[in-house]
Amino acid sequence: HDIPIIAMTANAMKGDRERCIEAGMNDYVSKPFHRDDLLRKVEHCSPTTQRQQKITTPLPSTSQRDNGGDVIDRADVIERCGGNKEIVKNIWKFFIDDLPKKMENIRDIYKTGDIELLKMQIHSLKGASGLVGAKSLEDIASRIEIAAKEGNMEKCRELHGRLEYEVGRAITAIQMLSI
């Protein structure tokens, strides 16, 4: 039996798909991923007999998704959690509870100038931001991560004010959202 193997990567960099295929995977998705994208890839990689089966859970089209505001993409998070609003609430709570310590660690790293540690902390923040639907926060964290990978601590520090701003917006938005 052919079992589709779909890699999940933290990056969406050029060449990732090829590296995954070379390693024996059928395809890949980058985080955060959408359930319908993953299902399409699994269905595409499945043997013909499995492809003919219908997916019983209706998948919302892109036009049916609600943006959920300009800070948190509420509909996207709910969709990626399979519609389970309790999971969404728990993810948001953990994010808000964890964020102050994460930001304190990042501020401390700027004092020491440890760019390798900064890359790891910012990467973690970027992933968490994507998971909770904080697209602007995810974007600024991604920009800082790129600067850190380039070894440009000065650029990282320049972008930090925007990071703090987006953190505040994300926390406020999540606290105000109701599911």
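Caption draft 1: Representation of helix H8 (residues 153-176) within the structure. In a regular helix each residue adds 1.5 Å, so 24 residues correspond to 34 Å; H8 covers 34 Å between its end C-alpha atoms and thus fits that length. Where H8 bends most, at His 160, the angle is about 35°. For H8, the set of buried residues is Met 153, Cys 156, Leu 159, His 160, Leu 163, Glu 166, Val 167, Arg 169, Ala 170, Ile 171, Ala 173 and Ile 174.

Caption draft 2: The arrangement of the confidence of the model for the chain in detail. Here the chain averages 81 in pLDDT, and 80% of its residues register 70 or above. Here helix H3 (residues 48-51) is the element of the chain with the lowest mean pLDDT, 41, and helix H7 (residues 135-149) is the one with the highest, 96. Here residues 48-68 is modelled with pLDDT under 50, and outside its nearest four sequence neighbours on either side it reaches 26 contacts, counting other chains as well.

Caption draft 3: Quick peek at the pattern of salt bridges. Tallied over the full model, the rule gives 13 salt bridges. Residues Arg 80 and Asp 76 are paired through a salt bridge, measuring 2.9 Å at the closest nitrogen-oxygen approach. Here Arg 80 pairs with Asp 76, and both are found in helix H4 (residues 74-80), just 4 residues apart, close to one helical turn. Judged by relative accessible area, which is 14%, Arg 80 ranks as buried. Overall, the relative accessible area of 3% leaves Asp 76 in the buried class. Between Arg 162 and Glu 166 there is a salt bridge, with its nearest N and O atoms 2.7 Å apart. Linking Arg 162 with Glu 166, this pair stays in helix H8, spanning 4 residues, or about one helical turn. We classify Arg 162 as partly exposed; its relative accessible area is 43%. One network of salt bridges, with partners in common, ties together Asp 76, Arg 80, Lys 135 and Glu 138.

Calculation rules
Residues numbered from 1 in each chain as written. Predicted model: local features only at pLDDT ≥ 70, side-chain atom pairs only at ≥ 80, totals over all residues. Heavy atoms only, no water. Helix = DSSP H or I, 4+ residues; strand = E, 2+ residues; numbered from the N terminus. Expected span 1.5 Å × (residues − 1). Bend = angle between axes of the 7 residues up to and from the residue. Buried < 20%, exposed > 50% of the residue type's maximum accessible area, 1.4 Å probe, protein only. pLDDT = per-residue confidence, 0-100. Contact = heavy atoms within 4.5 Å. Salt bridge = Lys/Arg side-chain N within 4 Å of Asp/Glu carboxyl O.

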